[in-house]
Amino acid sequence: MARILIVEDEANLAKGIRFNLELEGYEVEVVDDGLTALARLTDPAAPALDLVILDVMLPGLDGLSIAERVRAAGNFTPVLMLTAKSLPEDVVQGLESGADDYLPKPFELTVLLARVRGLLRRREWTRGGAAESTRVGEAVVDFRNFEVQAHGAVHQLTLLEATLLKLLVQNAGRVVSKGEILEKVWNLSPDTETRAVDNFIMRLRRYLEPDPRTPKHLQTVRGAGYRLVVT
């Protein structure tokens, strides 16, 4: 049974989300301010969470700052971010802060529940399948534990990083376009103008490459996309 934390200061909205999630069989916790949410998410003694539903506008500390601090602290629980802002640049800002999905307000509860199921499935998809452990050059990618072991270090992957890397592994040797990545990893239109993909590619290179400045395995094919060479 998945455990979900709702971080939302609108009491009626939080109550409605909780009610519907519990009907689906999830265990649910609710907090209504940013500082309490940050304390819960960084408490090593607290029960593990499978998903966080995080509002952007919160008293005490905003959702973007919470996501950034939680990721910096090494917590990579999937985050579904809720916000009244829906411009593409707002979506990208939310994703780059560490969120794994983004839902503008107002929304239908059926849409929220579908996003929750999708994130939980994506987490299991990333961990499962034939490529649970894959070697890329000297690096070993462990999709079950969301880790890359390379060059004497262990790097923890976020859900988005793991999803992007698994997409590239599954298409090793083939050029994967930025548009395909935006659709399959970010659920965005392939025409979205953003540097998010490039930034994530740079992060993966820091994990995989002996010298990220001269990548041998995660190559840019100018004007076409990216290609992963695993040997």
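These figures come from a predicted structure and were not determined experimentally.

S.K.: Tell me what's going on with the sheet that holds strand β10 (residues 175–176), and back it up with residues and numbers.
M.R.: Across the sheet, which stays open at both edges, the three strands sit in the order β10-β12-β11 with antiparallel pairing between neighbours. Each having just a single partner strand, β10 and β11 (218–221) make up the two edges of the open sheet. Relative to strand β12 (residues 225–228), β11 is paired through four bridges, and the arrangement is antiparallel. Bridging across to β12, Val-221 finds its partner in Gly-225. Most of the contacts of helix α6 (residues 159–170) go to β12, to which it runs at about 70 degrees, and overall it touches β10, β11 and β12. Where helix α8 (residues 196–208) meets the sheet, it contacts β11 and β12, and its direction lies at approximately 150 degrees from that of β11.

S.K.: Quick one: what's the story with the pairing of strand β1 (residues 3–7), residue by residue and with numbers?
M.R.: Within β1, four of the five residues are buried, leaving the element largely enclosed by the surrounding structure. Relative to strand β2 (residues 27–31), β1 runs parallel, the two sharing five bridges. Bridge pairing in β2 links Arg-3 to Glu-27. With helix α1 (residues 11–23) bridging β1 and the parallel β2, this β-α-β connection has right-handed handedness. Sheet analysis places β1 next to strand β3 (residues 51–55), joined by four bridges and oriented parallel. Bridged to Val-7 within β3 is Leu-54.

S.K.: How would you explain the environment of His-155 if you had to name every residue and give the values?
M.R.: Summarising the element assignment, His-155 is placed in strand β9 (residues 153–156). Judged by relative accessible area, which is 22%, His-155 ranks as partly exposed. Sequence spacing of His-155 and Ile-4 is 151 residues, and the spatial spacing of their C-alpha atoms is 25 Å. Contacts of His-155, omitting those with residues within four sequence positions, involve Phe-146, Glu-147, Val-148, Arg-206 and Tyr-207.

S.K.: Report on the sheet that holds strand β4 (residues 79–83), specifying residues and quantitative values.
M.R.: An order of β2-β1-β3-β4-β5 is seen for the five strands of this open sheet, with the pairing classed as parallel. Because the sheet does not close on itself, it has two edges, and the strands there are β2 and β5 (101–104). Strand-to-strand twist in this sheet, taken as the mean axis angle between neighbours without regard to direction, amounts to 20 degrees. With respect to the sheet, helix α2 (residues 34–41) is in contact with β1, β2 and β3, its orientation differing from that of β1 by roughly 155 degrees.

S.K.: Which residues make up the packing of aromatic side chains, and what values do they have?
M.R.: Summed over all chains, the structure comprises zero aromatic pairs. Above the plane of the ring of Phe-143 lies Lys-166, whose end atom (NZ or CZ) is 5.5 Å from the centre.

Reading guide: rules and limits
Residues numbered from 1 in each chain as written. Predicted model: local features only at pLDDT ≥ 70, side-chain atom pairs only at ≥ 80, totals over all residues. Heavy atoms only, no water. Pairing = 2+ DSSP bridges. Helix = DSSP H or I, 4+ residues; strand = E, 2+ residues; numbered from the N terminus. Contact = heavy atoms within 4.5 Å. Axes fitted to C-alpha atoms, helices over the stretch in contact; angles between N-to-C directions. Buried < 20%, exposed > 50% of the residue type's maximum accessible area, 1.4 Å probe, protein only. Right-handed = clockwise from strand over helix to strand, strands pointing away. Phe/Tyr/Trp six-rings, centres within 6.5 Å; stacked < 30°, edge-to-face > 60°. Lys NZ or Arg CZ within 6 Å of the ring centre and 35° of its normal.

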